[in-house]
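One-letter residues, chain by chain:
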Amino acid sequence: MDLPTRDKSKNLVENSVCFSEDPTLTSIVNEVTASQLTKLNLNTSQHDNEEFYEKAKKYWETVSPTIDGILGGFAEVSPRDIQSSAQLLTAIFRLKPRPGRSRALDCGAGIGRVTKHLLVRFFDKVDLVEQCPQFATQIPEYVGDTKHLGEIYTQGLQDFTPEEGKYDVIWTQWVLGHLTDDDLVAFWRRCISGLAKGGVIVMKENTSSSNEVEVDNEDSSVTRPLKLIRQLLREAGLREIRIQKQENMPRGLFPIYMIVMRASR
Ligand SMILES: C[S@@+](CC[C@H](N)C(=O)[O-])C[C@H]1O[C@@H](n2cnc3c(N)ncnc32)[C@H](O)[C@@H]1O
């Protein structure tokens, strides 16, 4: 799942000891066994890619446009998540060169949770990209703050190109697992062109603790190990300038990392 989600590979290990004695644990283990924790094998053909995106689109159409819906029933983590992100943004504004505060881009924005609680506090205008029309139309009402609300692009990130030199910060959270490896690298390359002078790209995503790419067939997403994320960002021409783990999350969730990146040259 590309949202705050239980790390099923961990559950499997933690629960396997006594599952035969406990019917509840038996069902958890069965669910884990049925879910496919397999190596990512995307990018095999155009058809497979289209199916990958189509399935995700269909999944999100079934989700209610609320914080609990967007966060898969984990609405309670939102304040902690935002607090750590705000600390990270404060540190970003101490970087040299320092990013401006004119315009941010919220990618895979959902109904605008990150924009409303984080980005409008730091930037004059925030643009948002969200593929699901049902969420995108909800953004103005949910964010409320029309003074800071910029453009809303109802588009998949795999098709989206930011305007050249426009953004001080490009924020991507709990969405990049919905892109294939090739599309992620291509998206990051386009983001580099979309950055204003001193601008940075921030990624906040689940990572797999199993060191394998974990595929979720329900929402059609993948959870990548940190090692692969780092390999892909280098491939895109990015360098990591800060990495931070999200602390204080409920036990058993995938480890969440925030990575701040700039073009390597
Ligand atoms: C877990 S929600 C996260 C929303 C928001 N980033 C947040 O943290 O509140 C994932 C969002 O990504 C969107 N999404 C899924 N695939 C996408 C894609 N290919 N391009 C853009 N958005 C996508 C979904 O529609 C959903 O709104």
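The rules behind the values
Residues numbered from 1 in each chain as written. Predicted model: local features only at pLDDT ≥ 70, side-chain atom pairs only at ≥ 80, totals over all residues. UniProt positions renumbered as here; feature names shortened; annotations may be inferred. Helix = DSSP H or I, 4+ residues; strand = E, 2+ residues; numbered from the N terminus. Contact = placed C-beta atoms within 7 Å. Buried ≥ 20, exposed ≤ 12 C-beta atoms within 10 Å, placed from the backbone. Pairing = 2+ DSSP bridges. Right-handed = clockwise from strand over helix to strand, strands pointing away.

Named according to an unreviewed UniProt entry, the chain is Alpha N-terminal protein methyltransferase 1 originating from Lutzomyia longipalpis. The UniProt entry for the chain carries the following comment under Sequence similarities (unreviewed entry): "Belongs to the methyltransferase superfamily. NTM1 family."

Visitor: How do you make sense of the UniProt feature "binding site: S-adenosyl-L-methionine" (unreviewed entry) in the chain when you look at a structure like this?
Guide: The feature "binding site: S-adenosyl-L-methionine" (unreviewed entry), as annotated in UniProt, sits at Gly108, Arg113, Leu157, Gln158 and Gln173 in this numbering. With respect to the secondary-structure elements, Gln158 resides in the loop between β3 (149–153) and β4 (167–173). The contact partners of Gln158, leaving out residues within four places of it in the chain, are Tyr53, Leu179, Asp183 and Phe187. Overall, the presence of 23 C-beta atoms within 10 Å leaves Gln173 in the buried class. In this structure Gln173 touches Gly108, Val114 and Lys204, once residues within four positions along its chain are discounted.

Visitor: I would appreciate a short explanation of the pairing of β4 in the present structure.
Guide: Both faces of the sheet carry side chains from a regular strand, because those side chains alternate between them. Where burial is concerned, most of β4 is hidden: seven out of the seven residues are buried. Sheet topology note: the strand β1 (residues 103–107)/β4 ladder contains four bridges and is parallel. Following the sheet pairing, Ala104 is matched in β4 by Val169. Alignment of β4 against strand β5 (residues 195–206), held across six bridges, turns out to be parallel. Each residue of the ladder has a partner; that of Tyr167, found in β5, is Leu195. Regarding the hand of the β-α-β motif, the stretch spanning β4, helix α9 (residues 181–194) and β5 is right-handed.

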